[in-house]
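Analysis of the macromolecular model
The residues making up each chain are set out below.
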Amino acid sequence: MQNDKQVVTVTVNGGYQPNVVTFKQGQPAAIKFIRTSDQGCLGTVQSNDFNFKRALPLNEAETMPVDTSKAGEYGFSCGMDMVKGRIVIQ
Ligand SMILES: [Cu+2]
């Protein structure tokens, strides 16, 4: 179906896996973050591009809606902006 929601799960375990997520422009999308390890400084995830900032309790999913109306490259990161991931909308 054309308007199926695109949901990608990103595992947070000292880094982001995957750390590049691709979505189709114009279709509803979200990233589901699941932090499975308290390694590193990844207890918060944020995206200035999508006006999102959320704590990530261990082993609980947090969903970030992604606005796919404009093609381009966007980012997310840990709370200190050190560990980064990319979102590609095309
Ligand atoms: Cu950090």
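Note: the structure precedes this text.
Residues numbered from 1 in each chain as written. Predicted model: local features only at pLDDT ≥ 70, side-chain atom pairs only at ≥ 80, totals over all residues. Heavy atoms only, no water.

A few words on the sheet that holds strand S2 (residues 16-17). Taken in spatial order, the four strands make up an open sheet running S2-S1-S4-S7, and their pairing is mixed. Unpaired on one side and paired on the other, S2 and strand S7 (61-66) mark the two borders of the sheet. The pairing of strand S1 (residues 6-12) with S2 spans two bridges and is classified as antiparallel. Within S2, the residue paired with Val12 across the bridge is Tyr16. (Pairing = 2+ DSSP bridges. Helix = DSSP H or I, 4+ residues; strand = E, 2+ residues; numbered from the N terminus.)

Here we come to unusual backbone geometry. Here the residue pair Gln17 and Pro18 is connected by a cis peptide bond, since its omega of -5° sits within 30 degrees of zero. On the secondary structure map, Pro18 appears in the loop between S2 and strand S3 (20-23). Phi angles above zero are rare outside glycine, and Asn51 is one such case at about 55°. The topology assignment puts Asn51 in the loop between strand S5 (44-47) and strand S6 (52-55). Looking at Asn51, the relative accessible area reads 75%, which means it is exposed. One non-glycine residue, Asp81, lies in positive phi territory at about 65°. Mapped onto the secondary structure, Asp81 falls in the loop between strand S8 (72-78) and strand S9 (84-89). When its relative accessible area of 43% is taken as the criterion, Asp81 is described as partly exposed. (Buried < 20%, exposed > 50% of the residue type's maximum accessible area, 1.4 Å probe, protein only.)

Counted under the stated rule, the structure contains four aromatic pairs. With centroids separated by 6.3 Å and ring planes inclined at 65°, the aromatic side chains of Tyr16 and Phe33 adopt a geometry described as edge-to-face. Here Tyr16 is found in strand S2, whereas its partner Phe33 is found in strand S4 (residues 29-35), with 17 residues between them in sequence. Judged by relative accessible area, which is 4%, Tyr16 ranks as buried. Here Phe33 falls in the buried class, since its relative accessible area comes to 0%. Summarising the aromatic geometry, the rings of Phe50 and Tyr74 are spaced 5.2 Å apart at their centres and angled 45° between planes, so their arrangement reads as tilted. Within this pair, whereas Phe50 is found in the loop between S5 and S6, its partner Tyr74 is found in strand S8, the two being separated by 24 residues in sequence. Phe50 gets classed as buried once you look at its relative accessible area, which sits at 15%. Through a chain of ring-to-ring contacts, three or more aromatic side chains come together here, namely Tyr16, Phe33 and Phe76. (Phe/Tyr/Trp six-rings, centres within 6.5 Å; stacked < 30°, edge-to-face > 60°.)

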